[in-house]
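Structural overview
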Amino acid sequence: MMWPTPMPHHNHDLLTVLLRHGNRSVPSSQQTWLWFFDFDGTLVDLAPHPDAVKLLPDLTDDLIRLATAPLQTVAIVSGRPLRDLTRHLPSHPALWLAGDHGAEVRGPQSFVWRHPSQETIEDEANTVALDLHTRVKDLPGVWVEAKATSMSIHYRQAPQAAIVNLNRILREYCWGSTWVLKPGQLCYEVRATNGPTKADAVRVIRGAVDPQGTSLCLAWGDDVTDEDMFLALPTGLTVKVGTDAAFPTSARFRVESVATVREIIHQMARYWTQS
Ligand SMILES: [Mg+2]
């Protein structure tokens, strides 16, 4: 399916597009829809600490309604490790979950997948996380979150001078190594160059749910790492959360905020479950 360009960058228009494609009075309405949502900054607002995020109860209900509606599949694709992600999400057999930027995927009927290079990268990632911790531990408000195959270095509460220092330390550390530095939302991501990305999660889930590749894929995310999802879905409906032009995107739509995403999910959950 081709989308017209330029796409409207307005959530009302986006909802109109979605409803038009969901028109159940035409035969193409038999098309399955495959929703990919990033978690932090997409389904939940960022909080001073990653543990403090709150998935609103209404959104939880809407996600489950959408995930169990006919023709709909819902996947949450996060940078968080699965064990962490599952502490914040409802445990529901219909939901697909991908953690650690596509290193691990879990789905209905005990579906489990791990990125083939995960184990090799895991050992090295441990060492890198310890190294980085040593280098940044004296910077106020900065801390390293070690994940299985990558790490996030958070600076949500750091003063500007510490952030500048952090950037320098990380650039020096990654330069010429097999580790790459990516800016995240109020954090830096350090990832193996040959490691998993969210595109892996998209491919694995799509391969399991929609082997023919005929689904309408909808991907939503606010981060640089979500660009991998957008690029993996060149004919999909891809949506960047955030309208700041300083953050370029290959997504076809932009929406303003997490609240907009929530509202659209609410409308679509209603739409797909109305009789
Ligand atoms: Mg995010």
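Residues numbered from 1 in each chain as written. Predicted model: local features only at pLDDT ≥ 70, side-chain atom pairs only at ≥ 80, totals over all residues.

In this section: unusual backbone geometry. Phi at Leu 71 takes a positive value of approximately 70 degrees, unusual for a residue other than glycine. Take Leu 71: it is sitting in the loop between helix H2 (57-68) and strand E2 (72-77). In this model, Ser 110 sits at a positive phi of 55 degrees, which is unusual for a non-glycine residue. Inspection of the secondary structure puts Ser 110 in the loop between strand E4 (104-107) and strand E5 (111-114). (Helix = DSSP H or I, 4+ residues; strand = E, 2+ residues; numbered from the N terminus.)

Domain assignment breaks the protein chain into domain 1 (11-115 + 196-273) and domain 2 (118-192). On a C-alpha basis, the centres of domain 1 and domain 2 stand 26 Å from each other. Between domain 1 and domain 2, the contact holds 16 residues from the first and 15 residues from the second. In the side of domain 1 that touches domain 2, the residues fall into 6 nonpolar, 5 polar and 5 charged. (Domains from an automatic or database assignment. Contact = placed C-beta atoms within 7 Å. Nonpolar A, V, L, I, M, F, W, Y, C, P; charged D, E, K, R; others polar.)

This next bit is on the sheet that holds strand E8 (residues 179-183). Across the sheet, 4 strands lie side by side as E6-E7-E9-E8; this open sheet has antiparallel pairing. Bordering the open sheet on either side are strand E6 (143-146) and E8, each of which pairs with just one other strand. The average undirected angle you get between the axes of adjacent strands in this sheet is 25 degrees. The pairing of E6 with strand E7 (residues 150-154) spans 4 bridges and is classified as antiparallel. Bridge pairing in E7 links Ala 146 to Met 151. Seen against the sheet, helix H4 (residues 118-136) touches E6, E7, E8 and strand E9 (187-192) and runs at an angle of roughly 20 degrees to E7. (Pairing = 2+ DSSP bridges. Axes fitted to C-alpha atoms, helices over the stretch in contact; angles between N-to-C directions.)

A separate point is the sheet that holds E4. What the 8 strands build is an open sheet, ordered E5-E4-E3-E2-E1-E10-E11-E12; its pairing is mixed. Since the sheet does not close on itself, it has two edges, and those belong to E5 and strand E12 (253-255), each with one partner. Sheet twist, expressed as the average angle between the axes of neighbouring strands with direction ignored, equals 15 degrees. In this structure, strand E11 (residues 237-241) lies alongside E12, joined through 3 bridges in parallel fashion. Of the residues in E12, the one forming a bridge with Lys 240 is Arg 254.

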